Amino acid sequence: MDQKLLVTIIALLVGLAHTEPQDELYSFEWIGYNTNLDDPKYRLLDNVQPLQISVDLDVYLEESRFNGIVQLQVQVRENLTQIVLHQNVVSIDEVSVLDANERPVSLQTPNPFTIDRYYEIVTINFASEIVPGTYIITVNYKGRINENPHDRGLYKGYYYKNNEKRYYATTQFQPYHARKAFPCFDEPQFKCPFTITITRGANLRPSFSNMAIAYTNVLPSGRVQERFYPTPVVSSYLVAFHVSDFVSTNSSGTVQKPFQIISREGPTNQHSYAADVGFKITEVMESYFNISYYEMGQGRAMKNDHIALPDFPSGAMENWGMVNYREANLLYDQQNTNLPDRINIAAIIAHELAHKWFGNLVTCFWWSNLWLNESFASFFQYFSAHEAEPWLELDDRFILDRVQSALSGDASASIQPMNWSSVADNPSITAHFGTSSYAKGASVLRMLEHFVTPVVFRNALRYYLKDNAYGIGYPTDMYAAFRRAVSEDPTFATTFQGIDIGTVFDGWVQNAGAPVVEVNVNMTSGLVSLAQRRFQISGTPRNDIWQIPISWTHGDSPNFQSTRPTYVLTQRTGSVQKPVGTSWVVLNIAQSGFYRVNYDSQNWGLIAAQLRSNKEVIHKLSRSQIVNDVLFFIRAGQISIPVAFDVLSFLAKETDYYVWNGALTQLEWLHRRLKHLPAAYDEFTAYLLELVDEAVKQIGYDDGANDSASTIQQRMQILNFACNLGHQGCIDDSLAKWNSFRTQNTPVQISSRRYVYCVGLRNGNASDYEFLFQKYNTSENTADMVVMLRSLPCSKNQASVEHFLYQTMHSDKIRVHDRNNAFSYALQGNSENLQTVLNFIFKNYAEIRETYGGAVRLSNSLSALSGFLTDFEDIVKFQSWLYENQIAIGESFSTGVSVVNTAVNNLRWGNNVAAEIYSELQSRSSAATVMTSLSVVILALAAKFVF
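Residues numbered from 1 in each chain as written. Predicted model: local features only at pLDDT ≥ 70, side-chain atom pairs only at ≥ 80, totals over all residues. Heavy atoms only, no water.

Per an unreviewed UniProt entry, the protein is named Aminopeptidase, and its organism is Pieris brassicae. You can read under Subcellular location (unreviewed entry) in the UniProt record for the protein the words "Cell membrane". Among the UniProt annotations of the protein, the heading Sequence similarities (unreviewed entry) holds the following wording: "Belongs to the peptidase M1 family." (UniProt positions renumbered as here; feature names shortened; annotations may be inferred.)

What follows is the structure, given as C-alpha cells:
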C-alpha cells in the first residue's frame, strides 16, 4: 500500500477513535446552520464577541481536579441558531443562556449542546433563531488538573521541603490551552475583561492571578474563596492563576509601582537580582513606549508579579500581571548561577515585560502573524535589558543569539516565513512558535531600526501601540505606523528616493528564508556589483527578491561606526561605487542587516590579508559575520575550500568572544562530519587545536576581578571547546580543579563548572559520577543543577551513563522539562556513549515516551541522535530497529526516518569534501610530507566507497 495513503488512513481512524457518536450527527446537522463556527472548525467567526467572562473554579489540588462555572457575556452580531465555544474540559454538565433582559433563551431538545472532542468545541443549539444582541451564557463543568506539565492548561507541579513533597497548580494557556480550564473563545482576536474566582484548601497560602485579590471569603466548609479584580481587556491565552503555598518578596519597586517575586519557600534568598533588574527594565520600557505599565489596568492598578516554578513546560509566559518562569530563568544565586544564566534571567524578564505592550496591550489577530507579538519581545529582551544592565553587553550579544541563529534557521529549505498563512490548526499553530516568529522577526526589526534611525523606529512603535491599544494588530497597522513615522523624517525621502518603508517591511515578513548578497568588485573601475538570491544549504531556492538596505565600507577609508544603510538593493542586481584601486569591500557593517555576504575570490583574499595583518580594523561583529558566513558557505558548497581556510586563518590570533562564537558551532559541525574518516578527522582535530591555542593562552584559566562579561564568556566557550578537543593544558587545569573539589570540597569557580565537571567525570570512574550526582540531588539552585545534569553523562563508565538515563525517567529530582535534553547531554558529553544511548532507546522507548511526557518528547530524544550517527553501521542499526518497531514507535517514526536521512546526508557531505579539506590542511601544516599526495588519494578513494 502507498505509504502516504496508509498514513492518511491511520490518521482518519485515529480521528474517528476520538469522535463521539453525536459528533457525526452534529457534523451532518451543521450544514445550513447559522453559526459562529469557521472552516476549518478549529476557528470561530467574529460574529459573536465576548464582552466579559467570569471564571469560578473550585480547586482540589490533592485530587488533581476542579469544578468550574464560567459565565460569558457575549454580543451576537447576526441571527444565529448556534453559538460555538472552545472547550477541552472533562465534562460539561449544564448550559443555560439568558438574553439582555435576563430571560431564559430556549435551547434545542434533545441535544441542547453537543461536544466535538476532535475540534475541541462545544456547540450550543438554540430552539429557534436568536437575533443580534447581548446574551449571557453559563456553563457548569468539571475539569482536571493535568499531572503532566507538558499537557499545559491548569497543571500540577511539585517540590520538596524538608523531604516532604508539596504540590502547586498553575496555568500555561498559550496558545490554545485556556479551553482546558474553562470554555471560552480561545483565539487571540477575542479580547475582553476576565474576573477570576478561586476556591482552595485552607492549608494553602493566598492564590495569585493577573490582578490583585479583591476579597477573601472563608466558606462554611472551611475552604477559602478568593475573588480577583477584573483584568483589562485581554485574550484568553493571557489569563493566569496559581494555587500553592508559595511565598513572595518585595525588594524593589514602590508602593505605586510594586514588583514582586514569588517562589517556593526555599530559594527566597535568590529573588533580589530578578527584582532589581526587572524593575529597571519595566521603567526603561515605560519611558521608551511612553505608556505606563502600571496604568494599563483600565482604571485598576496593575500588578507586576513574577513566579518561579520548579516545573514549567515553556521558558516563561507573559501573562498580564503574573508572569510564569522556570526557576532557572528567574532565580539568581551569586554563588552558583553562572554568567550565561544571569544573562538569560535578565533577557527573559525583558522578553516577558516587552509582551505587556506587544501581545497584551496590542495582540496579533491570529497565530499566523505571531511575529507581531514575539519579534518585538525578542528584540527588546536584548536592548531594554542592555539599558538596565549595560555590563552584560546584551546589545552586541543580539547578533549571536538572534541574527546568526535566525540566519542558520533560514538556511533550511523548509523554514516558514514570518507571516505563515498556513497556520490553521493546533499542530500548525505550535509549529509557528519558532525561529521565524522570534529570532528572524527581531533581526528584521534591528535592520529596520538602523535603516530608519532609532528615533523614527521608536516613534513608529509608539504610534502602533497607541492606535491599537487594547485591540488587535495586523501587519498593515504596523506598516502604517512606520509610514507615518518615516514621513515625519525629511531625510529619508531624500536619501532613499522611491522607497516605501511598508513595502520594504512586508517583503521581509512574507518571504521565507534570508538572502545572500553576492559581491564582485572591479578594482580597476571601482564598481561594486551586487546580486541577491535566497541562501540555502541545499536544494534549489525560490526566486524571491527582498528590498535589502545595504551598509558598506571599504579598505581605503574604513568606517565601521556608521551602520545606517546608504543604498537599497530593490532588484535582483545593483551596484555601488568605491574608489578605484585594489582595496577590500565589506558589506553589512557590524552585521546590522539580515543577510549573508559572499565576495569574489580577490575580495575575500584582501579581507583575509587585512584580518591577518590588523584584524581590529574590521569591527568585531563584522568579523563574527565573516567567519559565520564562510563556514556556512563551506557547508553549502558556495566557496572554495582554499579561499575559505585562507579567510579563517586569522582565527589563530583572534581572541574576541563574539568572533569565536560565530565560528565554534559550525567548526564543531564540520569536525563531526569527518569522524568516519579517521585521517581527515585527526587532521582537522590538529587544525582546531592549533587554531584555539592562542585564544587559550590569552584568556587563561581563571576569571579576573575586572573581567568584562564577554571576557568571561570567551573563557567559558574556548575552554569548553578546547577541553573537548583534548587540549592538554585545559584538561590538566580542569582535573586539578575537579580533584580539589572532590578531595577538599573547594568549589569550582562558577564559570568553569561545565567543562571542569565534564573533564572530571570523563577522566574519572563511577565514584566521580556518584559524587556529582549526590551534589545534584542536594542543590537548591536550578541553574547549577542543570550544569551538573549535563555533566553527569560525560562519564566513560557506561554503567554510570545507564544509571543517568534511567534516572531521567524515574527520578523526580530531574524536572520534566530537563528530561527532554537527556540524550543530547549524554552524546555531547562523551561521543563514546552512543552505543549505550542507542541500546537504552531500543529497550526503553515506550517508557521514555511515558515518563518524559508524551510522543513529542520521544521524538525530541530521537532527534538528538542525528548529529552523532557518524558511522554507517550505526545508521543501519538504528534504521533496522526503527522499521522493526514502526507501529509501536507511533508518531515518532517519522522523526526517526528524518534522523536516518540527516545522518546519511551528513556522511555524504563529509565524503564529498574530506579529500579537499585534508589536502588544504596538509598544505597549511608545517608537518606536511611527501606522503601528502598519496594520503589524499587513499582518503578520496575511501570516501567514494563508504556506501
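### Notes on the overall build of the protein
Regarding its fold elements, the protein presents 31 helices and 31 strands. Overall, the C-alpha framework of the protein stretches about 95 × 70 × 65 Å when taken along its three principal axes. Counting only contacts in the protein whose residues sit at least 6 apart along the sequence, the fraction spanning at least 24 positions is 71%. Of the roughly 35,400 Å² of accessible surface on the protein, a fraction of 49% belongs to carbon and sulfur atoms. On the protein, the mean spot of the 74 positive side-chain charges and the mean spot of the 92 negative ones are 2 Å from each other. (Helix = DSSP H or I, 4+ residues; strand = E, 2+ residues; numbered from the N terminus. Contact = heavy atoms within 4.5 Å. Areas by Shrake-Rupley, 256 points an atom, 1.4 Å probe, with all protein chains shown as cover. Lys, Arg positive; Asp, Glu negative; His and termini not counted. Charge placed at Lys NZ, Arg CZ, Asp CG, Glu CD.)

### Re the nonpolar core
Counting 307 residues, the largest nonpolar core has Phe-182, Leu-587, Ile-634, Leu-865 and Phe-878 as its most contacted members. Element by element, the count of residues in this core is highest for helix α30 (residues 893-924), at twelve residues. Leaving out residues up to four positions away in the same chain, Leu-587 has contacts with Val-517, Val-519, Leu-530, Ile-550, Ser-551, Trp-552, Tyr-595, Val-597, Tyr-599 and Gln-625. (Core = buried A, V, L, I, M, F, W, Y, C linked by side-chain atoms within 4.5 Å. Buried < 20%, exposed > 50% of the residue type's maximum accessible area, 1.4 Å probe, protein only.)

### Considering the packing of aromatic side chains
One pair of aromatic rings is described through two measures. These are the centre distance and the angle between the planes. If you walk through the whole model with that rule in mind, you get 63 aromatic pairs. Taken together, a centroid distance of 6.5 Å and an interplanar angle of 80° make the contact between Phe-259 and Phe-279 edge-to-face. With Phe-259 in strand β18 (residues 258-263) and Phe-279 in helix α3 (residues 272-289), this residue pair connects regions lying 20 residues apart in the sequence. Across the pair, exposure class does not vary: Phe-259 and Phe-279 are buried alike. Between Phe-358 and Tyr-464 the ring centres are 6.1 Å apart and the planes differ by 5°, which places this aromatic pair in the stacked class. One end of the pair, Phe-358, is in the loop between α4 (339-354) and β22 (363-364); the other, Tyr-464, is in helix α9 (residues 454-468), and 106 residues separate them in sequence. Sitting over the face of the ring of Trp-669, Arg-673 holds its NZ or CZ atom 4.7 Å from the ring centroid. (Phe/Tyr/Trp six-rings, centres within 6.5 Å; stacked < 30°, edge-to-face > 60°. Lys NZ or Arg CZ within 6 Å of the ring centre and 35° of its normal.)

### What to know about helix α25 (residues 822-829)
Burial within α25 is extensive, with six of its eight residues counted as buried. For α25, every residue scored as buried is listed here: Ala-822, Phe-823, Tyr-825, Ala-826, Leu-827 and Gly-829. The inward-facing, buried residues of α25 contact α20 (753-762), α22 (782-791), α23 (798-810), α24 (816-819), α26 (834-852) and α27 (855-863).

### Some details on unusual backbone geometry
With the exception of glycine, the majority of residues adopt a negative phi angle, and the majority of peptide bonds are in the trans configuration. The omega torsion across Thr-109 and Pro-110 is -5°, close enough to zero to call that bond cis. Looking at the secondary structure, you find Pro-110 in the loop between β4 (91-98) and β5 (113-116). Note that the residue after Gln-174, namely Pro-175, is joined by a cis bond; omega there is 0°. In this fold, Pro-175 is placed in the loop between β9 (164-172) and β10 (191-192). Despite not being glycine, Asn-111 shows a phi value in the positive range, around 60°. With respect to the helices and strands, Asn-111 occurs in the loop between β4 and β5. Positive phi outside glycine occurs at Asn-588, with the angle close to 65°. Mapped onto the elements of the fold, Asn-588 is located in the loop between β30 (585-587) and β31 (596-599).

### A look at the pairing of strand β7 (residues 133-144)
The sheet contact formed by strand β2 (residues 65-76) and β7 spans twelve bridges and is antiparallel. Residue pairing for β7: Val-76 is matched across the bridge by Gly-133. Pairing analysis gives seven bridges linking β4 to β7, with the strands arranged antiparallel. Along β7, the bridge assignment pairs Ser-96 with Thr-138. (Pairing = 2+ DSSP bridges.)

### Re α4
For α4, built from 16 residues, the straight-helix expectation of 22 Å at 1.5 Å per residue is met to within 8% by its first-to-last C-alpha distance of 22 Å. Most of α4 is tucked away, with 14 of its 16 residues classed as buried. The residue sitting at the N-terminus of α4 and contributing the capping side-chain oxygen is Asn-338; that oxygen lies 2.9 Å from the backbone nitrogen of Asp-341. (Expected span 1.5 Å × (residues − 1). Polar contact = N/O pair within 3.5 Å; in protein donor to acceptor, adjacent residues only side chain to side chain.)

### Re the UniProt feature "domain: Aminopeptidase N-like N-terminal" (unreviewed entry) in the protein
Per the UniProt annotation, the sites labelled "domain: Aminopeptidase N-like N-terminal" (unreviewed entry) are residues 50-238. Taken end to end, residues 50-238 is 0% helix and 56% strand, and its first and last C-alpha atoms sit 15 Å apart.

### Looking at the side chain of Asn-911
Mapped onto the elements of the fold, Asn-911 is located in helix α30. The class for Asn-911 is buried, based on a relative accessible area of 9%.

### Some details on the packing of α23 against α26
Between α23 and α26, whose axes approach to 9 Å, the crossing angle comes to 15°. Judged on the interaxial angle alone, α26 and α23 are roughly parallel. Handedness of the α23/α26 crossing: right-handed. Contacts between α23 and α26 pair Gln-798, Val-801, Glu-802, Leu-805, Tyr-806, Thr-808, Met-809 and His-810 from the former with Thr-836, Val-837, Phe-840, Asn-844, Glu-847, Ile-848, Thr-851 and Tyr-852 from the latter. Each residue belonging to the contact of α23 with α26 can be placed in one class, and the counts come to eight nonpolar, six polar and two charged. (Axes fitted to C-alpha atoms, helices over the stretch in contact; angles between N-to-C directions. Parallel < 35°, antiparallel > 145°, perpendicular 65-115°, else oblique. Left-handed = near helix turned anticlockwise from the far one by under 90°. Nonpolar A, V, L, I, M, F, W, Y, C, P; charged D, E, K, R; others polar.)

### Some words on the UniProt feature "site: Transition state stabilizer" (unreviewed entry) in the protein
UniProt's feature table lists "site: Transition state stabilizer" (unreviewed entry) at Tyr-438, given in the numbering used throughout. Relative to the helices and strands, Tyr-438 resides in helix α8 (residues 436-452). Apart from residues lying up to four places away in sequence, Tyr-438 is in contact with His-351, Leu-370, Glu-374, Ser-375, Ser-378 and Phe-433. A distance of 3.3 Å separates the side chain of Tyr-438 from the side chain of Glu-374, its partner in a polar contact.

### So, the pattern of salt bridges
Within the structure shown, the criterion is met by 43 salt bridges. Between Lys-303 and Asp-305 there is a salt bridge, with its nearest N and O atoms 2.5 Å apart. Each of the two residues, Lys-303 as well as Asp-305, counts as buried. Between Arg-924 and Asp-646 there is a salt bridge, with its nearest N and O atoms 4.0 Å apart. Linking Arg-924 in helix α30 with Asp-646 in helix α15 (residues 641-648), this pair joins segments that are 278 residues apart in sequence. Residue class for Arg-924 comes out partly exposed when judged on its relative accessible area of 39%. (Salt bridge = Lys/Arg side-chain N within 4 Å of Asp/Glu carboxyl O.)

### Description of the side chain of Ser-751
With respect to the element layout, Ser-751 can be found in the loop between α19 (728-744) and α20. Owing to a relative accessible area of 6%, Ser-751 belongs among the buried residues under this scheme. For Ser-751, the side chain forms a polar contact with the side chain of Asp-703, separated by 2.5 Å.

### As for the sheet that holds strand β24 (residues 515-521)
Overall, mixed pairing links the four strands, which are arranged β29-β25-β24-β31 in an open sheet. The two strands at the open ends of the sheet, each matched to only one other strand, are β29 (573-577) and β31. Ignoring strand direction, the axes of neighbouring strands in this sheet form an average angle of 25°. Strand direction decides the pairing type here: β24 and strand β25 (residues 527-534), joined by seven bridges, are antiparallel. When the sheet's bridge partners are listed, Pro-515 is paired in β25 with Arg-534. Strands in contact with helix α14 (residues 620-636) are β24 and β31; relative to β31, the strand with the most contacts, it is inclined by about 75°.

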